[in-house]
Every structure is written in C-alpha cells, then in structure tokens.
Amino acid sequence: MHSEISMTVDRGAFPDAVTPWEQESWRAAALDWVQERLAERGLRGEGELRVRLRPWSVLARVPVAGREAVWFKANPRSAAFEGPLTAALARWVPGHVLEPLAVDAARAWSLLPDGGDLFRQVLAREPVGPEVWEDLLRQYAGMQRTLIPYAGELERLGVPKARTVDLPEVFDRLLAANTALDSEARARVAAVRPRLVDWCAELAAVGIEDTLDHADLHDGQLFRPAPGRFTFFDWGDAAVSHPFCSLRVTGEQVRERYGAQALPRLRDAYLEPWTGTGVPVAELRRAASLAWRLSSLGRAASWSRMFPDPGRPAPGVTQSAEWLLDLLNEPPI
C-alpha cells in the first residue's frame, strides 16, 4: 500500500512533533498491516491517504474501493488500551460506539470504520439548539451506567485508574512530575490539597460508582449519524473515574456556544439517567459541581500521555500545568 497510495500529511499546530510516522520502517509496517486487514475482508485501499499527525496519535484516512473509507489509528504506549477498549465497548454497549475492524494491541494499532458525520460537521452546517447537546449527554450517561459493572475489566484492559477515592494520589503524582509550574504557582496548587481531599471524600460519599470517563467529550469526538443518534469514539484520554467528570468538556463547549444560562439544563439532562440510583437530585447536582472541578485532574493527566519527543520538553507539560491551576477556580454549576 505504501508504494501505491499517494499521501497528504497534516501536522496541525505541531509541525515539530516527533511521532513514529517519521520512521520509514514503522510507516511501512503500519501500511502493510492496514492492507492485510483489508484484504482479509476482501477489500483494498485506493486513492489518496490523508494522514493526521499529532503528539498524541497518528491517524490516517484510508479510501477503500467500492465503500466508505476506513481509519487507521496508532496510540502512544500509555494509551495502548484504546484499541482493546473500543473492541470491548462494541460488545458491552453496541450501537453507542464504533466496532473496530481490527486491533493490534501489542502495537497499539486499530482499524476503524467510518462513523458518518462528526457532530462538529453538523454544527457547522445547520442550526443546533442546546437541547441536542442535552440529548447526547443523556445517551452518554446511560452508557456510563451500563458500564459500571465492567469497571474492573476496564482497568484490566489498561484503562488508567483514577478512582474517586484515589484522586488525591493522582494529584500528588501530577504535581510532582510537572516541570512547567514556577515556584509561586506550584505553591498555590499544593495549597489546595486539603480541600481536594475533602472534595473527593464528599463526592465518593454520594454513592455514584466509578465507571468509564471519556475525559474529552467534545464535538469532534462523537458522530451524529442520524438525528437523535450519537456514536462516541476516541477513547485515548479515558480513565476509570467518577462518571460526572465527563460533563466538564461538553459543558465548556455549551457555555461557549449558548452562554452560561444553558448549563443548568445541560447538567440536569446529564443527571437524568442517574436519578434512578436513589440519590436525591440536590446531591446529584452537588456531585456534578465537585466532579466539574476534579475533572481538571483527568485533563492534566491526559496531556501527559503522548508520544515521547527525545531532546525536547515533555509534550503537554504546559497544558497539564494549566489544568492543575484550574483546580483553584470555582465551577460554574
């Protein structure tokens, strides 16, 4: 395939990022693997390969003769769980996620079908009200509830463990490892730890069990194949943690698009599937506020899980520091 298909490469805002794609042997092996997996299904690639390189992944759109394109993805070792996780989710919550065509867990490679229109594309071409975002979060929360019994299995697949009661330890590791915080900022972040311990204890006491947290659920991480239907994908930032942490990224997008007045309804729509747990609505809302703030830890951790860049500062360290500082901010809900 690598000798027959022309390519365009998109490096986005990271022109100097080092990924495995720069290694000719790795690139050839990856494209051969794609060709072999397609051939097993009686398919063949044809046309221009579009490659998207970022510090955290290699993604290639592969045109296929006679059908929609497929997508090759390579994760860094720290996110090698994504392929096996996606395959497991296709068994546990079918219809909510993509079912991979092939997964090479040892090499952190996966081959995925096309999921249709990104929600971001839908937003760009037609008016979409906040009620659509509310609906997608109801569906997502329902999926999270279904996955609660699989939390241990998720961890065995390699999904990072960030249990609610363990978040103070996650905080300690992130703070100790971060090299972008100056002494004044480090002291400010460190000073929040006693309150963070209390927040975690209060959140755990609400009684909502830990499950899968996507940790980066924005409009480019889900498909809208048909009105009212959503498919969730791109699990490389995921963790086993408090489910309500997932509300943060989506909520930020809704606030930016529709204003802060849209957040209470969005929060309550997300909480609807959790009302069957017996927890009073007031406690669920308080838990959502606590998780909004604590979600900064998940974002800080995900920025640290990237391809290594020898000879340069660790990619994502500045963004990770910014998220640690965000712990000092009051949640908007």
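The structure contained in this document is the topic of the report that follows. Since we're looking at a predicted model, the values are computed, not measured.

## Some points on the overall build of the protein chain
Each helix and strand in the protein chain was counted, giving twelve helices and ten strands. Principal axes of the C-alpha set define a box for the protein chain whose edges measure 60 × 45 × 35 Å. In the protein chain, which comprises 333 residues, the proportion classed as buried is 53%. Counted over contacts in the protein chain with a minimum sequence separation of 6, partners at least 24 positions apart contribute 73%. Surface summary for the protein chain: the accessible area is close to 14600 Å², and the carbon and sulfur share equals 50%. A distance of 1 Å separates the average location of the 39 positive side-chain charges in the protein chain from that of its 45 negative side-chain charges.

## Here's the deal with the side chain of S296
With respect to the secondary-structure elements, S296 resides in helix α11 (residues 281-303). Under the relative-accessibility criterion, S296 is labelled buried at 0%. Looking at S296, its side chain comes within polar contact range of the side chain of D326, at 2.8 Å. Every residue in contact with S296, bar those within four places of it in the chain, is listed here: R248, W323, D326 and L327.

## Remarks on the sheet that holds strand β2 (residues 49-54)
Strand order in the open sheet formed by six strands is β1-β2-β3-β4-β6-β5, with mixed pairing between adjacent strands. In this open sheet, the two strands that pair with only one neighbour each are β1 (7-10) and β5 (102-104). Averaged over all pairs of adjacent strands, the angle between strand axes in this sheet comes to 15°, irrespective of strand direction. Of the strands in this sheet, β1, β2, β3 (57-64), β4 (67-74), β5 and β6 (109-113) touch helix α1 (residues 24-40), which is tilted by about 45° from β6.

## As for the pattern of salt bridges
Taken as a whole and judged by the stated rule, the model has 28 salt bridges. One salt bridge connects R285 with D268, and the closest N-O pair in it is separated by 2.8 Å. Residue R285 is located in helix α11, and its partner D268 is located in helix α10 (residues 263-271); the two are separated by 17 residues in the primary sequence. With relative accessibility at 34%, the residue R285 sits in the partly exposed group.

## Describing the packing of aromatic side chains
Taken as a whole and assessed by the stated rule, the structure comprises 15 aromatic pairs. Ring geometry for F72 and W109: centres 5.8 Å apart, planes at 70°, overall edge-to-face. Taken together, the positions of F72 in strand β4 and W109 in strand β6 put the pair 37 residues apart, joining distant regions of the chain. The class for F72 is buried, based on a relative accessible area of 2%. Joined through ring pairs, the aromatic side chains of W26, W33, F72 and W109 make up one cluster. A cation sits over an aromatic face here: R27 above W21, 5.8 Å from the ring centre.

## Describing empty space enclosed by the protein
Using the criterion set out here, one finds one cavity of 30 Å³ or more in the structure. For the largest cavity, the full set of lining residues is D213, A215, D216, C245, S246, R248, V249, S295, G298 and R299. Contributing elements (two or more residues each) for the lining of the largest cavity: α9 (247-258) and α11. When residues in the lining of the largest cavity are grouped by element, the largest group, three residues, is from α11.

## Some details on the nonpolar core
Counting residues in hydrophobic clusters, the biggest one holds 78 residues, and the most contacted among them are W235 and F244. Residue contributions to this core peak at eleven residues, all from α11. The residues contacting W235, other than those within four sequence positions of it, are F81, E82, L85, T86, L89, V97, Y140, M143, L212 and H214.

## Remarks on helix α2 (residues 82-92)
Of all eleven residues that make up α2, nine are buried, and the element is covered over most of its length. Among all positions in α2, only E82, G83, P84, L85, T86, A88, L89, A90 and W92 are buried. Against the buried residues of α2 lie β4, β5, β6, α4 (130-147), α5 (151-156) and β7 (211-213).

## Remarks on the side chain of R54
Tracing the backbone through its elements, the reader meets R54 in strand β2. A distance of 3.2 Å separates the side chain of R54 from the backbone oxygen of D10, its partner in a polar contact.

## Thoughts on helix α12 (residues 317-326)
Those residues of α12 lying buried are V317, S320, A321, W323, L324 and D326. Packed against the buried residues of α12 are α6 (167-177), α7 (183-191), α9 and α11.

## A short note on the packing of α4 against α9
Running from N to C, α4 and α9 cross one another at 175°; their axes reach a closest spacing of 11 Å. What the angle tells us is that α4 and α9 run roughly antiparallel. Every residue of α9 that contacts α4 at P130, W133, L136 and L137 is listed here: L247, T250, Q253, V254, R257 and Y258. In terms of residue class, the contact of α4 with α9 is made up of seven nonpolar, two polar and one charged.

About the cut-offs
Residues numbered from 1 in each chain as written. Predicted model: local features only at pLDDT ≥ 70, side-chain atom pairs only at ≥ 80, totals over all residues. Heavy atoms only, no water. Helix = DSSP H or I, 4+ residues; strand = E, 2+ residues; numbered from the N terminus. Buried < 20%, exposed > 50% of the residue type's maximum accessible area, 1.4 Å probe, protein only. Contact = heavy atoms within 4.5 Å. Areas by Shrake-Rupley, 256 points an atom, 1.4 Å probe, with all protein chains shown as cover. Lys, Arg positive; Asp, Glu negative; His and termini not counted. Charge placed at Lys NZ, Arg CZ, Asp CG, Glu CD. Polar contact = N/O pair within 3.5 Å; in protein donor to acceptor, adjacent residues only side chain to side chain. Pairing = 2+ DSSP bridges. Axes fitted to C-alpha atoms, helices over the stretch in contact; angles between N-to-C directions. Salt bridge = Lys/Arg side-chain N within 4 Å of Asp/Glu carboxyl O. Phe/Tyr/Trp six-rings, centres within 6.5 Å; stacked < 30°, edge-to-face > 60°. Lys NZ or Arg CZ within 6 Å of the ring centre and 35° of its normal. 1 Å grid on protein atoms, 1.4 Å probe; cavity = no way out; pocket = protein on both sides within 12 Å on 5 of 7 lines; lining within 4 Å. Points joined across faces, edges and corners; volume = space filled by probe spheres on them. Core = buried A, V, L, I, M, F, W, Y, C linked by side-chain atoms within 4.5 Å. Parallel < 35°, antiparallel > 145°, perpendicular 65-115°, else oblique. Nonpolar A, V, L, I, M, F, W, Y, C, P; charged D, E, K, R; others polar.

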